[in-house]
Every structure is written in structure tokens, then in C-alpha cells.
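Structural features, examined
So you can see what is in the structure, the chains are spelled out below.
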Amino acid sequence: QVQFVESGGGLVQSGGSLRLSCAASGNIFSNYRMGWYRQAPGKQRELVAVISSGGDRIYTHTVKGRFTISGDNAKNEVSLQMNSLKPEDTAIYYCCARLTILGGVGANDYWGQGTQVTVSS
């Protein structure tokens, strides 16, 4: 019912930059927020950054000042500019959207398949 296209992951040296992009499509009625989570090996999935339909942004403290989230919830698109990357940023990054789908009841979180980000030291 909801499909995601994620792009932009890869391998980069410490201090480098990457830009992740995500587009959601399908039977979407309302989009409340979109953003990125990440999961490193042996760790729980954590929020990285989200942007609400009103433009409010939330970042985890470890990426503040280095990552910038932008997006157009009306178009179901979100991007994450990641600068000054560190080895500890290495993880699978997942796009997430809180949506109400056509014919659905209430909002639920929908997830992309994930894209690998690897930062070498």
C-alpha cells in the first residue's frame, strides 16, 4: 500500500558528507511526519531526525549541527544532509513516514527498506 524509494547511502571517509533521499508513494491520505532512523550492529533502532507536516524538526543530540533534514510532506519526500560524518554514524538508515492511508483508520508508521551508510576512520 505504501512504497518507498531510498537513495544516497554509501561509503565515505570520516569528515565527509552524504545526502539521503526518500520518496513515499501509494494510497496516502495524510502525511504527519517523515524522517530517518538508524540501526547499528548490535544496537537498537534510534531516531536520527524527523520533520513534521508543519515544518518542525527534531534531531537526536549526536547529530545536531552536523545533519540537516528537509522535506515536503505534501509530496511525501524527505532528505537528510549529513556532514562531518563520524565512524559512529555507521548504520543502516531507514526512512519512516507516519501516514494515514486511504480507507485506513488512524495514523501508522511505515518504513523503507533501509540504506547502508558506512563511515571509515
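Residues numbered from 1 in each chain as written. Predicted model: local features only at pLDDT ≥ 70, side-chain atom pairs only at ≥ 80, totals over all residues. Heavy atoms only, no water.

So, on to the nonpolar core. Trp-36, Leu-80, Met-82 and Tyr-93 are the most contacted members of the largest nonpolar core, which has 31 residues in total. Those elements giving two or more residues to this core turn out to be strand E1 (2-7), strand E3 (18-26), strand E4 (28-39), strand E5 (46-52), strand E7 (67-72), strand E8 (77-82), strand E9 (91-101) and strand E11 (115-120). Non-local contacts of Tyr-93, meaning those with residues more than four positions away in its chain, are made with Glu-6, Leu-20, Trp-36, Tyr-37, Arg-38, Val-48, Phe-67, Met-82, Gly-114, Thr-115 and Val-117. (Core = buried A, V, L, I, M, F, W, Y, C linked by side-chain atoms within 4.5 Å. Buried < 20%, exposed > 50% of the residue type's maximum accessible area, 1.4 Å probe, protein only. Helix = DSSP H or I, 4+ residues; strand = E, 2+ residues; numbered from the N terminus. Contact = heavy atoms within 4.5 Å.)

The final tally for this structure, using the stated rule, is one disulfide. Sulfur-sulfur distance for the disulfide between Cys-22 and Cys-95 comes to 2.1 Å. Of note, the bridge from Cys-22 to Cys-95 carries an S-S torsion of about -85° and is left-handed in sense. Of this pair, Cys-22 sits in strand E3 while Cys-95 sits in strand E9, and the two are 73 residues apart along the sequence. Here Cys-22 falls in the buried class, since its relative accessible area comes to 3%. This cysteine, Cys-96, is not joined by any disulfide, and Cys-95 carries the nearest cysteine sulfur, 7.2 Å off. (Disulfide = S-S within 2.5 Å.)

Time to look at the packing of aromatic side chains. Applying the stated criterion to the full structure yields one aromatic pair. Over the face of the ring belonging to Tyr-94 we find Arg-45, whose NZ or CZ atom lies 3.8 Å from the ring centre. Arg-45 extends its terminal NZ or CZ atom over the ring of Trp-111, reaching a point 4.7 Å from the ring centre. (Phe/Tyr/Trp six-rings, centres within 6.5 Å; stacked < 30°, edge-to-face > 60°. Lys NZ or Arg CZ within 6 Å of the ring centre and 35° of its normal.)

With that settled, consider the sheet that holds E8. Spatially, E1-E3-E8-E7 is the arrangement adopted by the four strands of the open sheet, whose pairing is antiparallel. Only two strands of the sheet have a single neighbouring strand rather than two, namely E1 and E7. Here the strands of the sheet are splayed against their neighbours by 15° on average, with no regard to which way each runs. (Pairing = 2+ DSSP bridges. Axes fitted to C-alpha atoms, helices over the stretch in contact; angles between N-to-C directions.)

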